[in-house]
Amino acid sequence: MSANIIDGKKVAQLTRDEVRKDVDDWMDAGNRPPFLQVVLVGNNPASDVYVGAKTRACKEVGIETDTMRLPDTVSAKELKATIHKLNKDDSVDGILVQLPLPNHLSAHDVIESIDYRKDVDGFHPMNVGRLTVGQPSFRSCTPAGIIELFKHYSIPTKGKHAVVVGASNIVGRPISILLNKESGEQGKATTTVCHKFTKDLTQHTIGADILVVAAGQPELIKAEMVKEGVVVIDVGINRVADETKEKGYSLVGDCDFESVKEKASWITPVPGGVGPMTVAMLMKNTLLAAKKSIYPE
Ligand code: NDP
């Protein structure tokens, strides 16, 4: 059996089309366009690529955006002062500080300095906490995008065993909470969360009905580690050297796609799976911030 492919590009386009329509309606009702302020510290090439994709998506859906570039020598005090200004600026709906930050800056501190009502990445402890207790919140974009994919393809998770490989604050942990807690067919799974100290990873992955992998380890998951019919969401984006490519590298996920797809019932490709959904959900969150839908005044 070869798996059905979960087409994140297609679902992300549908999501952006929806947001575009909602932005138009919002402006037809006399409102200004939503505005996303991106803050980019330093010169990380991967961050440049991600910010470029976010900026292009904003343009497509009618969200205005600006990228503030700060040198990698910026102090924590200066960065937080900049964020405080943006927090107070009524023309700014969403604030996104692109991660990772240079080593001398604490991502925790910087994220906490963002007004949680403008935290369209959904990383602020207020939003994470509200997500955990099932209150309305900005949901971090990658986990929210994964739930959208399950919904689009009517893949139920209720009552299934979902195994998440990776326990980061931005992917592994929040997707495990959503899968466990969300009501309806795309939620209510029994979840296992694995990390670096998990002994015998295969013992866990082999029992998964739903397997979400966000470890940042190229092709960590092999066919012999999964059961027939598993649904695989591969979040990983890894650059591996590839002389046949002009850029000198290829992008691969955390799963050995070619072998795992022969056993899975559904699988996301890399690229073209979860990545585009992350950006599309950011558009959704920015519109929600402009409309003050999560935190009404
Ligand atoms: P982090 O490095 O923050 O977290 C990785 C997690 O995986 C950690 O919890 C770590 O464990 C765990 N881990 C690492 N190696 C293993 C292993 N061998 N076995 C089990 N667990 C392991 O990464 P992120 O969550 O930020 O990102 C993960 C991947 O997803 C990356 O490739 C990243 O590029 C990609 N990504 C893709 C996005 C998209 O839109 N498609 C968005 C965000 C990330 P421990 O906690 O013990 O350290």
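All of the points below concern the structure found in this document.

On to the nonpolar core. If you look at the biggest cluster of nonpolar residues, it comprises 51 residues, and the most contacted ones within it are Phe-150, Leu-179 and Val-212. One finds Leu-211, Val-230, Val-232 and Val-260 within the second-largest nonpolar core, a separate group that totals 17 residues.

Here we come to the sheet that holds strand E6 (residues 190–194). If you trace the 6 strands from one edge of the open sheet to the other, you get E1-E11-E8-E7-E5-E6, paired in parallel fashion. Edge strands, defined here as strands with exactly one partner in the open sheet, are strand E1 (4–5) and E6. Relative to strand E7 (residues 210–213), strand E5 (residues 161–165) runs parallel, the two sharing 4 bridges. In the sheet register, Ala-162 faces E7, and the bridge partner there is Ile-210.

We now examine the packing of aromatic side chains. Under the criterion given, the structure shown has 3 aromatic pairs. Residues Phe-138 and Tyr-295 carry aromatic rings whose centres are separated by 6.0 Å and whose planes lie at 55 degrees to one another, so their mutual orientation is tilted. Of the two residues, Phe-138 is situated in the loop between helix H5 (125–132) and helix H6 (141–152) and Tyr-295 in the segment after helix H10 (274–291); the sequence distance between them amounts to 157 residues. There is no split in this pair, since Phe-138 and Tyr-295 are both buried. Ring geometry for Tyr-153 against Trp-266: centres 5.2 Å apart, planes inclined by 55 degrees, an arrangement best described as tilted. Of this pair, Tyr-153 sits in the loop between H6 and E5 while Trp-266 sits in strand E11 (residues 266–267), placing them 113 residues apart in sequence.

Reading the values: rules and limits
- Residues numbered from 1 in each chain as written.
- Predicted model: local features only at pLDDT ≥ 70, side-chain atom pairs only at ≥ 80, totals over all residues.
- Heavy atoms only, no water.
- Core = buried A, V, L, I, M, F, W, Y, C linked by side-chain atoms within 4.5 Å.
- Buried < 20%, exposed > 50% of the residue type's maximum accessible area, 1.4 Å probe, protein only.
- Pairing = 2+ DSSP bridges.
- Helix = DSSP H or I, 4+ residues; strand = E, 2+ residues; numbered from the N terminus.
- Phe/Tyr/Trp six-rings, centres within 6.5 Å; stacked < 30°, edge-to-face > 60°.

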